[in-house]
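What follows is each chain in one-letter form.
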Amino acid sequence: MAESTLWWLLGGALVALELFTGSFYLLMLALGATAGALAAHLGWSPTVQLVAAAVIGSAAVVGLYLNKRRQPGDPSVRSLRSVNLDVGETIQVDVWQPDGTASVKYRGAQWTVVRAPGTPPEPGLYIVSELIGNRLMVAKA
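Residues numbered from 1 in each chain as written. Predicted model: local features only at pLDDT ≥ 70, side-chain atom pairs only at ≥ 80, totals over all residues. Heavy atoms only, no water.

We now examine the packing of aromatic side chains. In this structure the tally under the stated criterion is 2 aromatic pairs. With a centroid separation of 5.4 Å and an interplanar angle of 80 degrees, the aromatic rings of Trp-96 and Tyr-126 are classed as edge-to-face. Placement of Trp-96 in the loop between strand E1 (90–93) and strand E2 (101–106) and of Tyr-126 in strand E4 (residues 124–132) is noted, with a sequence separation of 30 residues between them. We classify Trp-96 as buried; its relative accessible area is 11%. Across the ring face of Trp-96, the terminal group of Arg-115 is positioned such that the distance to the ring centre comes to 5.7 Å. The positively charged end of Lys-140 is found above the aromatic ring belonging to Tyr-126, 4.7 Å away from the centroid. (Phe/Tyr/Trp six-rings, centres within 6.5 Å; stacked < 30°, edge-to-face > 60°. Helix = DSSP H or I, 4+ residues; strand = E, 2+ residues; numbered from the N terminus. Buried < 20%, exposed > 50% of the residue type's maximum accessible area, 1.4 Å probe, protein only. Lys NZ or Arg CZ within 6 Å of the ring centre and 35° of its normal.)

Moving on, we get to the nonpolar core. Counting 13 residues, the largest nonpolar core has Ile-91, Val-93, Trp-96, Val-104, Val-113, Leu-136 and Val-138 as the members making the most contacts within it. Elements that contribute at least two residues to this core include exactly E1, E2, strand E3 (109–115), E4 and strand E5 (135–140). Excluding residues within four positions of it along the chain, Val-104 makes contact with Ile-91, Gln-92, Val-93, Ala-109, Gln-110, Trp-111 and Val-113. The next biggest cluster of nonpolar side chains, apart from the first, holds 8 residues, and it includes Trp-7, Leu-14, Ala-33 and Ala-40. (Core = buried A, V, L, I, M, F, W, Y, C linked by side-chain atoms within 4.5 Å. Contact = heavy atoms within 4.5 Å.)

The following block contains the structure:
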(Lines give C-alpha, C1' and ligand atoms only; values in the text may rest on other atoms or scores of the structure.)
Protein backbone atom coordinates (compact mmCIF):
# COMPACT_ATOMS: atom_id res chain seq x y z
CA MET A 1 0.00 0.00 0.00
CA ALA A 2 1.32 3.45 -0.86
CA GLU A 3 2.39 5.83 1.90
CA SER A 4 -0.08 8.46 0.71
CA THR A 5 -2.93 5.95 1.08
CA LEU A 6 -2.01 5.41 4.72
CA TRP A 7 -2.05 9.16 5.31
CA TRP A 8 -5.44 9.50 3.61
CA LEU A 9 -6.84 6.63 5.70
CA LEU A 10 -5.51 8.27 8.88
CA GLY A 11 -7.11 11.58 7.86
CA GLY A 12 -10.42 9.87 7.14
CA ALA A 13 -10.30 8.05 10.48
CA LEU A 14 -9.67 11.35 12.29
CA VAL A 15 -12.64 12.98 10.52
CA ALA A 16 -14.87 10.00 11.40
CA LEU A 17 -13.71 10.13 15.03
CA GLU A 18 -14.47 13.85 15.10
CA LEU A 19 -18.02 13.14 13.93
CA PHE A 20 -18.50 10.77 16.88
CA THR A 21 -16.89 12.99 19.52
CA GLY A 22 -17.59 16.52 18.29
CA SER A 23 -14.04 17.64 19.05
CA PHE A 24 -13.10 20.18 16.41
CA TYR A 25 -9.42 19.64 17.28
CA LEU A 26 -9.50 16.26 15.54
CA LEU A 27 -10.27 18.07 12.28
CA MET A 28 -7.12 20.10 12.78
CA LEU A 29 -5.14 16.88 13.17
CA ALA A 30 -6.81 15.59 10.01
CA LEU A 31 -5.36 18.65 8.27
CA GLY A 32 -1.96 17.48 9.44
CA ALA A 33 -2.62 14.01 7.99
CA THR A 34 -3.61 15.68 4.72
CA ALA A 35 -0.30 17.53 4.71
CA GLY A 36 1.46 14.19 5.22
CA ALA A 37 -0.49 12.69 2.31
CA LEU A 38 0.40 15.59 0.04
CA ALA A 39 4.06 15.25 1.03
CA ALA A 40 3.87 11.55 0.15
CA HIS A 41 2.34 12.39 -3.25
CA LEU A 42 5.27 14.73 -3.87
CA GLY A 43 7.64 11.84 -3.21
CA TRP A 44 9.19 13.23 -0.05
CA SER A 45 10.77 10.89 2.47
CA PRO A 46 8.73 9.43 5.37
CA THR A 47 10.64 11.70 7.79
CA VAL A 48 9.60 14.81 5.87
CA GLN A 49 6.03 13.50 5.68
CA LEU A 50 5.92 13.09 9.47
CA VAL A 51 7.42 16.55 10.03
CA ALA A 52 4.92 18.12 7.59
CA ALA A 53 2.00 16.37 9.29
CA ALA A 54 3.24 17.33 12.76
CA VAL A 55 3.92 20.97 11.91
CA ILE A 56 0.67 21.57 10.03
CA GLY A 57 -1.46 19.64 12.53
CA SER A 58 0.14 21.31 15.55
CA ALA A 59 -0.10 24.78 14.01
CA ALA A 60 -3.78 24.21 13.24
CA VAL A 61 -4.50 23.02 16.79
CA VAL A 62 -2.64 25.95 18.36
CA GLY A 63 -4.32 28.41 15.98
CA LEU A 64 -7.77 27.06 16.81
CA TYR A 65 -7.01 27.16 20.54
CA LEU A 66 -5.83 30.77 20.40
CA ASN A 67 -8.82 31.78 18.28
CA LYS A 68 -11.27 30.19 20.73
CA ARG A 69 -9.51 31.80 23.67
CA ARG A 70 -9.91 35.28 22.18
CA GLN A 71 -13.66 34.88 21.68
CA PRO A 72 -15.95 35.93 24.54
CA GLY A 73 -17.79 33.15 26.34
CA ASP A 74 -21.47 32.48 25.91
CA PRO A 75 -23.72 34.75 27.93
CA SER A 76 -25.39 33.33 30.98
CA VAL A 77 -28.71 31.68 30.19
CA ARG A 78 -30.17 33.71 33.04
CA SER A 79 -29.47 36.91 31.09
CA LEU A 80 -31.19 35.87 27.85
CA ARG A 81 -34.51 37.54 27.13
CA SER A 82 -35.71 34.44 25.28
CA VAL A 83 -35.39 32.45 28.52
CA ASN A 84 -36.44 35.10 31.03
CA LEU A 85 -38.95 37.76 30.05
CA ASP A 86 -37.93 39.99 32.98
CA VAL A 87 -34.59 40.76 31.29
CA GLY A 88 -34.72 44.23 29.75
CA GLU A 89 -37.61 45.46 31.89
CA THR A 90 -37.26 48.78 33.72
CA ILE A 91 -37.69 49.17 37.48
CA GLN A 92 -37.46 52.14 39.85
CA VAL A 93 -35.07 51.86 42.81
CA ASP A 94 -35.63 54.50 45.48
CA VAL A 95 -33.15 53.47 48.19
CA TRP A 96 -30.10 51.18 48.22
CA GLN A 97 -29.25 49.35 51.44
CA PRO A 98 -25.68 49.43 52.83
CA ASP A 99 -25.20 45.77 51.79
CA GLY A 100 -25.72 46.73 48.12
CA THR A 101 -29.27 45.45 47.76
CA ALA A 102 -32.62 47.16 47.40
CA SER A 103 -36.21 46.10 47.77
CA VAL A 104 -38.65 47.05 45.01
CA LYS A 105 -42.23 46.30 44.04
CA TYR A 106 -42.20 44.60 40.64
CA ARG A 107 -45.02 42.62 38.96
CA GLY A 108 -47.17 42.89 42.09
CA ALA A 109 -44.57 41.37 44.45
CA GLN A 110 -41.63 42.52 46.55
CA TRP A 111 -38.26 41.68 44.93
CA THR A 112 -34.69 41.94 46.13
CA VAL A 113 -32.48 43.81 43.69
CA VAL A 114 -28.68 43.59 43.39
CA ARG A 115 -26.45 45.84 41.31
CA ALA A 116 -24.46 44.59 38.34
CA PRO A 117 -20.68 45.01 38.76
CA GLY A 118 -19.66 48.60 38.15
CA THR A 119 -23.15 50.01 38.74
CA PRO A 120 -23.21 52.89 41.26
CA PRO A 121 -25.77 52.71 44.12
CA GLU A 122 -27.87 55.70 43.07
CA PRO A 123 -31.65 55.99 43.17
CA GLY A 124 -33.30 55.97 39.78
CA LEU A 125 -34.35 53.83 36.85
CA TYR A 126 -32.59 50.51 36.29
CA ILE A 127 -32.84 47.79 33.66
CA VAL A 128 -33.04 44.13 34.69
CA SER A 129 -29.98 42.41 33.23
CA GLU A 130 -30.25 39.00 34.84
CA LEU A 131 -32.40 36.92 37.17
CA ILE A 132 -30.37 35.13 39.85
CA GLY A 133 -32.60 32.85 41.86
CA ASN A 134 -35.24 35.17 43.31
CA ARG A 135 -33.10 38.31 42.90
CA LEU A 136 -33.03 40.78 40.06
CA MET A 137 -29.61 41.97 38.90
CA VAL A 138 -29.90 45.46 37.48
CA ALA A 139 -27.77 47.95 35.55
CA LYS A 140 -28.27 51.70 35.30
CA ALA A 141 -30.75 52.67 32.58
